[in-house]
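Residue-level structure breakdown
So you can see what is in the structure, the chains are spelled out below.
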Amino acid sequence: MRRLQGGEYYGLAVAQMRAESRAVDDELLAHISPAHSENVNYHGTINVEVDTELAKLAPAGYRPQRARRREQR
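The rules behind these values
- Residues numbered from 1 in each chain as written.
- Predicted model: local features only at pLDDT ≥ 70, side-chain atom pairs only at ≥ 80, totals over all residues.
- Heavy atoms only, no water.
- Helix = DSSP H or I, 4+ residues; strand = E, 2+ residues; numbered from the N terminus.
- Buried < 20%, exposed > 50% of the residue type's maximum accessible area, 1.4 Å probe, protein only.
- Areas by Shrake-Rupley, 256 points an atom, 1.4 Å probe, with all protein chains shown as cover.
- Phe/Tyr/Trp six-rings, centres within 6.5 Å; stacked < 30°, edge-to-face > 60°.
- Patch = residues over 30% accessible without salt bridge, like charges linked within 9 Å, V, L, I, M, F, W, Y side chains within 5 Å.
- Salt bridge = Lys/Arg side-chain N within 4 Å of Asp/Glu carboxyl O.
- Polar contact = N/O pair within 3.5 Å; in protein donor to acceptor, adjacent residues only side chain to side chain.

A separate point is the overall build of the protein. A count of helices and strands for the protein gives 3 helices and 0 strands. Tracing the protein from N to C terminus, the helices and strands come up as α-α-α. Here the protein holds 73 residues, and 5% of them are scored as buried. Surface accessibility of the protein: about 7200 Å² in total, with carbon and sulfur atoms responsible for 52%.

Applying the stated criterion across every chain yields a total of 1 aromatic pair. Each ring, one from Y9 and one from Y62, has its centre 5.5 Å from the other, and the planes form 85°; the classification is edge-to-face. Taken together, the positions of Y9 in helix α1 (residues 2-19) and Y62 in the segment after α3 (50-55) put the pair 53 residues apart, joining distant regions of the chain.

Glancing now at a nonpolar patch on the surface. Side chains of I46, V48, V50 and L54 sit close together on the surface and give an oily, nonpolar patch of about 400 Å² of accessible area. As for its placement among the helices and strands, V50 is situated in helix α3.

Moving on, we come to the environment of D25. By the secondary structure assignment, D25 is in the loop between α1 and α2 (26-29). Here the side chain of D25 touches E27 through a polar contact of 3.1 Å, landing on its backbone nitrogen.

Even without being a glycine, S21 presents a positive backbone phi close to 65°. Its location among the elements puts S21 in the loop between α1 and α2.

Below, the discussion takes up the pattern of salt bridges. Side chains that differ in charge, positive against negative, can pair when their charged atoms come close. Applying the stated criterion to the full structure yields 2 salt bridges. Across the pair D26 and R18 runs a salt bridge whose closest N-O atoms are separated by 2.5 Å. Here D26 falls in the exposed class, since its relative accessible area comes to 53%. The partly exposed category is assigned to R18, whose relative accessible area is 37%. A salt bridge links E53 to K56; its shortest N-O distance comes to 3.2 Å.

Such coordinate-based values are descriptive only and should not be taken to indicate function.
Rendered as C-alpha cells:
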C-alpha cells in the first residue's frame, strides 16, 4: 500500500507542475521510484487520531500538496 500511495502522490505533483507550465521530462520520471521506507516504522506502533487526520484531507481525498519552495539564488 505504501508504494501505491507514494506513486499516486508523485502523479499529482507532476500534474500540478505541468499545469504550471514547468517542464517535466518523462524519461527522467522513469527513474523515480516511490519504493522507499525511511518513514515507515516496522518495529512499533503509531497512534493516529483517524478523525483528525481525515479532517486534513482535501475534498478529493488527498493530503494537500506543500507549497513550492522559492528558488534561492
